[in-house]
Structure formats: structure tokens, C-alpha cells
Amino acid sequence: MSFQSFKSTFDEILRQNPLPKKNTWKLQQLANMGYRSNQDWFEVLYRTRASYQCNHRHRWESSWSMILFLVRLDVKQGFGRVRMKRFGQRCNLCKDDDEYHLGFWSPDEVWFTVQRLLLHILLRCYEKRPDCDSIMKQYIIPINEVPQGRSGSGPHQRHCCEACANDRCQETFNKLTKKK
């Protein structure tokens, strides 16, 4: 699914379940990875499953499809912005493949990813807590609704991973999700 699928899902969920204080939120593509957020932005790094296809029609699946969200709420303006970067992967079968190919996400994966993003926004921007705020119930997904799939087709190919090349893959993800 394209960026537009993520954007339309984001907009639709917010239309049905507006976030507190009626702030306006906008999802945009992050075009420049050289951009480094300042202290007003926070990062959400999300690992999901996607299918890929190179220009030579080789296909593969990866459970290490990384998506980076940079999030900022301007309280004075009542406006929130999310910048999204979908990391690609190179084909492991093509010897001279220097292009990162973007993945294809199922509608369920897109919906789930957006729901998790909105959960992070509620936690960080509105200081909502899942154990006592009723608004959180709309964004907490029961475990039986989480998209399931195979774990992948082998070890992670770091040399083919754009997220690894940008320090936004396994080590960073594992640090962020490590149980304390």
C-alpha cells in the first residue's frame, strides 16, 4: 500500500475518533532523511511486515519492514504534524541493485500501524494512560486483532536494508522496545 493508504487511514480514523482538544493532525511524507528532529519532535519507530518486488520482478517478504514517524504537537496553534518515512530494501538476488524498493503493506497492517501511531500520540502529546483513560480504549487493539504472519524467510539482510543504513533498524528498534 502506498503512502496515500497510510494517510487516508490516518485521516479516516481521526474523523471517526478525534483526538482530545480537537487539535488538527496532518500526516506527511518525510522526504529528507538528513533531517534531524529537535526536542519538540519525538520519534516512533515501528516494525511491521511487508512484501517487496524489485525491478527484475524478484519478490520477497520481510518482517523487518521499518517505518519511522516523527511527531510534533504545536499546542499554541492546535496543530499536530506527523512525518512518515517508509524504509525500503534492496533485492538480495540482484547483484548490482543499488535501489531501495518500498514495501507493500496489507490494509490490516496499515490500519494496525496507524492505530499504534495514534496510541503513541495519545501517550506522549496528551499524557493519556491506558489503565485509566476511557479515550484510550478506542486505540488499544486486542491481541487477537493484531495481524499475524510468518516470521520471515530467514535472517535479516542488513546489507539490503535502508533502515540499517540509516541507523533505524534492529539495534535501535531493540533498544526502544527493551523491557525495563
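Presented here is an overview of the structure given in this document. Quick caveat: nothing in here was measured; it's all calculated off a predicted structure.

A look at the sheet that holds strand β2 (residues 42-53)
And then number 1: Read across the open sheet, the four strands follow the order β1-β4-β3-β2; overall the sheet is mixed. The open sheet has two edge strands with one neighbour each: β1 (24-29) and β2. When strand polarity is set aside, the average angle formed by the axes of neighbouring strands in this sheet is 25°.
And then number 2: Against the sheet, helix α1 (residues 3-16) makes contact with β1, β3 (59-74) and β4 (79-86), and its axis sits at roughly 175° relative to β1, the strand it touches most.
And then number 3: Of the strands in this sheet, β1, β2, β3 and β4 touch helix α2 (residues 107-125), which is tilted by about 175° from β2.

As for the nonpolar core
And then number 1: In this structure, F10, W25, F69, V71, V82 and I121 are the most contacted members of the largest nonpolar core, which totals 32 residues.
And then number 2: Where this core is concerned, the elements lending two or more residues are α1, β1, β2, β3, β4 and α2.
And then number 3: Top element by residues in this core is α2. It accounts for seven residues.
And then number 4: Residues L45, M66, F87 and C169 belong to the second largest nonpolar core, which totals 11 residues.

Overview of unusual backbone geometry
One can expect most non-glycine residues to show negative phi and most peptide bonds to be in trans.
And then number 1: Residue K21 is not a glycine yet carries a positive backbone phi of 65°.
And then number 2: Take K21: it is sitting in the loop between α1 and β1.
And then number 3: Given a relative accessible area of 70%, K21 falls into the exposed group.
And then number 4: Phi angles above zero are rare outside glycine, and K22 is one such case at about 55°.
And then number 5: Among the structural elements, K22 can be located in the loop between α1 and β1.

What counts as what
Residues numbered from 1 in each chain as written. Predicted model: local features only at pLDDT ≥ 70, side-chain atom pairs only at ≥ 80, totals over all residues. Heavy atoms only, no water. Pairing = 2+ DSSP bridges. Helix = DSSP H or I, 4+ residues; strand = E, 2+ residues; numbered from the N terminus. Axes fitted to C-alpha atoms, helices over the stretch in contact; angles between N-to-C directions. Contact = heavy atoms within 4.5 Å. Core = buried A, V, L, I, M, F, W, Y, C linked by side-chain atoms within 4.5 Å. Buried < 20%, exposed > 50% of the residue type's maximum accessible area, 1.4 Å probe, protein only.

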